[in-house]
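These are the residues of each chain, in order.
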Amino acid sequence: MLAVVVGAVWTLQGLGYLSGSVMTDDRLWAVVGPFVALFGLILIGLGLRIRRRGQAAGDGTGSAGG
């Protein structure tokens, strides 16, 4: 989730909407930011998919047996 926020901030800085940084109005960050945010969204999606798959199994994998 942090990557999504960081990507959004970098995009806004690169486009000049957030000032006060050396990244302000720098096109590099306007290009890199969306890729970082997309990467974060992909990681979130993969994490949710893995979590759902583990719950669907219902076999208690990952927990300490006793």
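A short tour of the structure in this document, coming up. A quick note: this is a predicted structure, and the numbers were derived from the prediction, not measured.

## Quick look at helix α1 (residues 2-15)
Counted at 1.5 Å a residue, the expected span for α1 with its 14 residues is 20 Å, and the 20 Å between its end C-alpha atoms agrees. Considered for burial, the residues of α1 that qualify are G7, T11, Q13 and G14. Buried positions in α1, seen along its axis, are confined to an arc of 165° and lie on one side of it. For α1, the secondary structure elements touched by its buried residues are α2 (27-57). Phi turns positive, to about 90°, at G16, one or two residues after α1.

## Section: α2
With 31 residues, α2 ought to run about 45 Å at 1.5 Å a step, and its terminal C-alpha atoms sit 46 Å apart, in line with that. The set of residues buried in α2 consists of A30, G33, A37 and G40. Tucked into the core, α2 has its buried residues touching α1. G58 occupies a position one or two residues after α2 and carries a positive phi of about 65°.

Calculation rules
- Residues numbered from 1 in each chain as written.
- Predicted model: local features only at pLDDT ≥ 70, side-chain atom pairs only at ≥ 80, totals over all residues.
- Heavy atoms only, no water.
- Helix = DSSP H or I, 4+ residues; strand = E, 2+ residues; numbered from the N terminus.
- Expected span 1.5 Å × (residues − 1).
- Buried < 20%, exposed > 50% of the residue type's maximum accessible area, 1.4 Å probe, protein only.
- Arc of directions from axis to C-beta.
- Contact = heavy atoms within 4.5 Å.

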